Amino acid sequence: MNYAKNILETIGNTPLVKINKLTEDIDALVLAKVETFNPGNSVKDRMAIKMIEDAEADGRLKPGGTIIEGTSGNTGMGLALGAIIKGYKLICVISDKQSKEKMDILRAVGAEVVVCPTNVEPEDPRSYYSVSKRLATETPNSWYVNQYDNPSNALAHYEQTGPEIWKQTEGKITHFVVGVGTGGTISGIGKYLKEQNPNIKIWGIDTYGSVFKKYHETGIFDENEVYPYITEGIGEDILPANVDFDIIDGFTKVTDKDAAIYTRKIAKEEGIFVGNSAGSAIKGLLQLKEHFGPDDVVVVLFHDSGSRYVGKMFNDDWMRDRGFLDEEMTKATDLIKDHVDKPLVTVMTEELVSHAIDRMKKYKISQIPVKDSSGFIGSVDETALFRAFVEDKDLADKPIKEVMGEAFPIVDKDASIDKVSKLINKDNQAVLVDLGNNKYHIITKHDIISAIN
Ligand SMILES: Cc1ncc(COP(=O)(O)O)c(C=O)c1O
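Thresholds, definitions, all that
- Residues numbered from 1 in each chain as written.
- Predicted model: local features only at pLDDT ≥ 70, side-chain atom pairs only at ≥ 80, totals over all residues.
- Heavy atoms only, no water.
- Disulfide = S-S within 2.5 Å.
- Buried < 20%, exposed > 50% of the residue type's maximum accessible area, 1.4 Å probe, protein only.
- Pairing = 2+ DSSP bridges.
- Helix = DSSP H or I, 4+ residues; strand = E, 2+ residues; numbered from the N terminus.
- Contact = heavy atoms within 4.5 Å.
- Axes fitted to C-alpha atoms, helices over the stretch in contact; angles between N-to-C directions.
- Core = buried A, V, L, I, M, F, W, Y, C linked by side-chain atoms within 4.5 Å.
- Domains from an automatic or database assignment.
- Parallel < 35°, antiparallel > 145°, perpendicular 65-115°, else oblique.
- Left-handed = near helix turned anticlockwise from the far one by under 90°.
- Nonpolar A, V, L, I, M, F, W, Y, C, P; charged D, E, K, R; others polar.
- Near = heavy atom within 4 Å.
- Polar contact = N/O pair within 3.5 Å; in protein donor to acceptor, adjacent residues only side chain to side chain.
- Areas by Shrake-Rupley, 256 points an atom, 1.4 Å probe, with all protein chains shown as cover.
- Patch = residues over 30% accessible without salt bridge, like charges linked within 9 Å, V, L, I, M, F, W, Y side chains within 5 Å.
- Salt bridge = Lys/Arg side-chain N within 4 Å of Asp/Glu carboxyl O.

Turning our attention to the state of the cysteines. Using the criterion set out here, one finds zero disulfides in the structure. Not engaged in a disulfide, the cysteine Cys92 finds its nearest cysteine sulfur in Cys116; these two sulfurs lie 12 Å apart. Judged by relative accessible area, which is 4%, Cys116 ranks as buried.

What follows is the structure, given as structure tokens:
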């Protein structure tokens with residue numbers, strides 16, 4: 001019979017899959033090492049088990065002990081599998097930027113999850129680096145894994161992932177491209193591959209908001225390079241010991257938007273459902289295309305599974321909120337699709353100015369169309385109201401009809417965006433769209449600005 005003695009024996013030997021459509025413009029053969037096939041759905045299973053076994057071997061991890069780690073989720077999953085099979089407790093410290101799915105998955109495999117704020121300095125006592133270290137000193141019989149500086153991390157890839165890629169490509173690999181976080185993946189695989197053939201080029205994928213690229217190019221740790229970003233799994237605001245800058249030939253940075261878009265493209269165009277850092281990696285590879293020739297074999301590594309990002313990069317609302325969806329905007333209704341299902345806020349001519357002001361505050365809007373029984377006959381906007389108020393302090397109790405300005409122009413629902421924007425100017429703050437069946441909606445300057453991205 002052919003079976004694994006436990007789930008840990010199924011780690012590794014992941015497939016290498018040719019990328020076809022996304023790399024049509026590239027002369028070289030591009031192959032993806034798809035690490036989703038590991039039981040914890042990420043490359044991190046490999047190093048998690050290696051770190052546990054090395055710690056067991058030299059006594060850092062003792063029977064019945066508690067494993068503590070600051071992890072964005074994938075290492076936690078690998079550690080959880082190890083902890084279950086080998087009988088340890090696991091506490092994962094995770095930053096609040098990480099997807100909720102990742103946290104729920106960790107809990108599902110028995111980990112205790114401690115959530116920390118993302119946007120604090122690494123030295124801040126609330127940071128996930130600091131909290132992990134503190135928990136490790138406070139918890140009896142515990143072992144702090146520290147994947148950033150733990151040499152077993154890179155070693156796992158030197159011993160397993162590197163040799164697998166070398167064997168699968170029959171030694172023909174010329175370039176290796178991969179996202180860099182702790183550095184374990186790139187450093188372990190890069191070292192092994194360069195030992196087999198020093199001409200193999202190792203490219204790291206970095207993100208805007210991370211220090212790696214500049215540090216590699218200049219030796220300067222530039223704090224100005226550090227700012228919050230959305231891409232998950234790659235980039236750092238520290239220099240982990242596991243990043244071996246000497247074996248890395250270069251870095252390229254990929255934007256959050258490109259990373260998100262390409263994460264979706266890998267799923268849609270290649271049928272490979274992988275995570276956000278895979279999107280960065282494939283986009284980075286495309287950015288590097290002038291480095292590849294027709295005889296080259298370029299291997300890119302996809303770290304984890306798309307299922308961990310269904311509420312984020314694979315969710316249209318999440319993408320739209322961040323301006324990551326390149327939707328074609330051509331007509332009036334495209335401008336209001338995010339709020340067209342909400343009722344149009346209006347005020348009647350006989351209502352008081354105070355009523356209009358209350359509605360502006362309640363709905364956080366700056367202008368309101370004014371109606372009477374015949375239809376839209378005027379408008380009020382906050383700038384005009386403010387001006388009128390300076391002249392007349394009793395304004396709040398006056399009827400709207402005494403202060404209203406001209407009615408907003410009405411356009412057809414298919415009116416071009418160009419036409420709509422020409423109607424909005426300093427004297428006219430909004431346009432009404434006739435949606436048919438006596439339904440109208442409002443387009444404001446804000447809607448036009450949001451459409452420019
Ligand atoms: C999704 C994802 N991609 C990329 C990486 C980076 O890999 P490494 O830490 O080996 O550099 C990580 C590491 O946490 C990850 O979770």
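Don't stop here, the text continues.
Reading across the sheet, the three strands line up as β11-β12-β13 and stay open at both edges, with mixed pairing between neighbours. Only two strands of the sheet have a single partner each, and these edge strands are β11 (347-348) and β13 (375-381). Note: β11 against strand β12 (residues 367-372), two bridges, orientation parallel. Note that in β12 the partner of Met348 across the bridge is Lys371. The strands touched by helix α12 (residues 353-363) within the sheet are β11, β12 and β13, with β12 carrying the most contacts at an inclination of about 135°.

What follows covers the pairing of β12. Here β12 pairs with β13 via six bridges, running antiparallel. Counted as the bridge partner of Pro369 is Ser379 from β13. Where β12 folds back on β13, the antiparallel hairpin that results is connected by two residues.

For the rest of this paragraph, the subject is the nonpolar core. Formed by 35 residues in total, the largest nonpolar core has its most connected members in Val300 and Phe302. Breaking this core down by element, the ones donating at least two residues are β2 (29-34), β8 (201-207), α8 (256-270), α9 (276-287), β10 (297-302) and α10 (316-321). In contact with Val300, not counting residues within four places along its chain, are Val30, Leu31, Ala32, Lys33, Val177, Ala281, Ile282 and Leu285. With 23 residues, the next largest nonpolar core counts Ile165, Leu193, Val211 and Phe245 among its residues.

By domain assignment, the protein separates into domain 1 (1-326) and domain 2 (332-450). Placing a centre on the C-alpha atoms of domain 1 and another on those of domain 2 gives a separation of 50 Å.

The next point concerns the packing of helix α1 (residues 44-57) against helix α2 (residues 74-86). It is the contact of α1 with α2, at a shortest axis distance of 8 Å, that shows an interaxial angle of 50°. By the angle between their axes, α1 is oblique relative to α2. The hand of the α1/α2 crossing is right-handed. For the pair α1 and α2, contact is made by Lys44, Asp45, Met47, Ala48, Ile49, Met51, Ile52, Glu53 and Glu56 and by Asn74, Thr75, Met77, Gly78, Leu79, Leu81, Gly82, Ala83 and Lys86, respectively. Grouping the amino acids of the contact of α1 with α2 by side-chain chemistry returns nine nonpolar, four polar and five charged.

Another point: the environment of Asp412. Mapped onto the elements, Asp412 comes out in strand β14 (residues 410-412). For the pair Asp412 and Asp434, spaced 22 residues apart in sequence, the C-alpha separation works out to 5.3 Å. When near neighbours in sequence (up to four residues on either side) are disregarded, Asp412 contacts Ala332, Val433 and Asp434.

As a matter of local geometry, the ligand sits amid 15 residues, with Lys44, Gly181, Thr182, Thr185 and Ser277 nearest to it. At 2.7 Å, a side-chain N or O of Lys44 approaches an oxygen atom of the ligand. Note that an oxygen atom of the ligand is positioned 2.6 Å from one of the side-chain N or O atoms of Thr182. Contact with the protein chains covers 97% of the free accessible surface of the ligand, which is 380 Å². Considering only residue class, the shell around the ligand consists of three nonpolar, ten polar and two charged.

In spatial order, the strands read β14-β15-β16; together these three strands make up an open sheet with mixed pairing. Edge positions in the sheet fall to β14 and β16 (439-444), since each of these pairs with one other strand and no more. Here the average twist between neighbouring strands, direction ignored, is 35°. Inspection of the sheet shows β14 paired to strand β15 (residues 430-436) by three bridges, in the parallel sense. Bridge pairing links Val411 to Val433 in β15.

Here we come to a nonpolar patch on the surface. Judged by side-chain polarity, Ile7, Ile84 and Ile85 come together as a nonpolar surface patch covering roughly 250 Å² of accessible area. Structurally, Ile85 is set in helix α2. The class for Ile85 is partly exposed, based on a relative accessible area of 37%.

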